[in-house]
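Residue-level structural notes
Each chain, written out:
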Amino acid sequence: MKRFATTLFLVLLASFAVNAQAQTGELSAVHGIPGLDEAVDVYINGVNSFSFEFGETYGPVPVGTGDYTIEVYYLGAPVPQLSGTVTVDEGGSYTAVAHLDSDSAFALSLFVNEVSPLRWW
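Residues numbered from 1 in each chain as written. Predicted model: local features only at pLDDT ≥ 70, side-chain atom pairs only at ≥ 80, totals over all residues. Heavy atoms only, no water.

1. Digging into the environment of Gly-35
Basically, it comes down to this: Secondary structure elements follow DSSP: runs of H or I no shorter than four residues count as helices, runs of E no shorter than two count as strands, and numbering proceeds from the N terminus. Any residue under 20% of the maximum accessible area for its type is buried, any over 50% is exposed, and the rest in between are partly exposed; the area is computed with a 1.4 Å probe on protein chains only.
Mapped onto the fold, Gly-35 is located in the loop between β1 (24-32) and β2 (40-44). Given a relative accessible area of 72%, Gly-35 falls into the exposed group. In this structure, the C-alpha to C-alpha distance between Gly-35 and Glu-53, residues 18 residues apart in sequence, is 9.9 Å.

Shown next, in the form of structure tokens:
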């Protein structure tokens, strides 16, 4: 089932890339909310893109540049605290992380990944 979900995620994100501009960036997702009884569903631009469980990570997956709305559903209902928009710039790398905040409430954080080459002297 995990292999199917991964394949579906890659196919859906690839289709976003094909339909978008020629420039690309990349997206990743991390499920960091412990204690949930079932997997969460992740919607990208209103499309149920994949499901995953605590501790799982997807990506990075190449996507076209532009805005992507990310929404997380649990037990078939949207979780308002777990939604956000990321703007993918050409060559940009982004990670969406669903987690608990300092008050143990659901939170979605969107990070810009540092991907510049390392310099070793």
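There is more to say after this.
2. Focus: unusual backbone geometry
Cis peptide bonds are those with omega within 30 degrees of zero, and the linkage from Gly-59 to Pro-60 qualifies with 5°. Looking at the secondary structure, you find Pro-60 in strand β4 (residues 57-64). Positioned with a positive phi, Asn-45 is a non-glycine residue whose angle comes to about 50°. Following the sequence through the fold, Asn-45 ends up in the loop between β2 and β3 (47-52). For Leu-75, which is not glycine, the phi torsion reads 55° and is therefore positive. Take Leu-75: it is sitting in the loop between β5 (66-74) and β6 (77-88).

3. Section: the sheet that holds strand β7 (residues 93-100)
Keep this limit in mind: At least two DSSP bridges between two strands are needed for those strands to be called paired. In this analysis, axes come from line fits to C-alpha atoms, helices being fitted only over the stretch in contact, and the angle between any two N-to-C directions falls in the range 0 to 180 degrees.
Spatially, the four strands line up as an open sheet ordered β4-β1-β7-β8, and their pairing is mixed. Each edge of the sheet is formed by a strand with only one pairing partner; in this case those strands are β4 and β8 (106-112). With strand direction ignored, the average angle separating the axes of adjacent strands in the sheet is 20°. As defined by bridge partners, β1 adjoins β7 across seven bridges and the pair is classed as parallel.

4. Side note on the packing of aromatic side chains
This is how the line gets drawn: Two rings belonging to Phe, Tyr or Trp (six-membered ring only in the last case) form a pair when the distance between their centres is within 6.5 Å. Interplanar angles under 30 degrees mark stacking, angles over 60 mark edge-to-face geometry, and anything in between is tilted.
Under the counting rule described, the total for this entry stands at four aromatic pairs. Ring geometry for Phe-52 and Tyr-58: centres 5.2 Å apart, planes at 45°, overall tilted. Across the pair, exposure class does not vary: Phe-52 and Tyr-58 are buried alike. Cluster of aromatic residues (ring-pair linked, three or more members): Phe-50, Phe-52 and Tyr-58.

It is worth stressing that arrangement in space is one thing and function is another; only the former is reported here.
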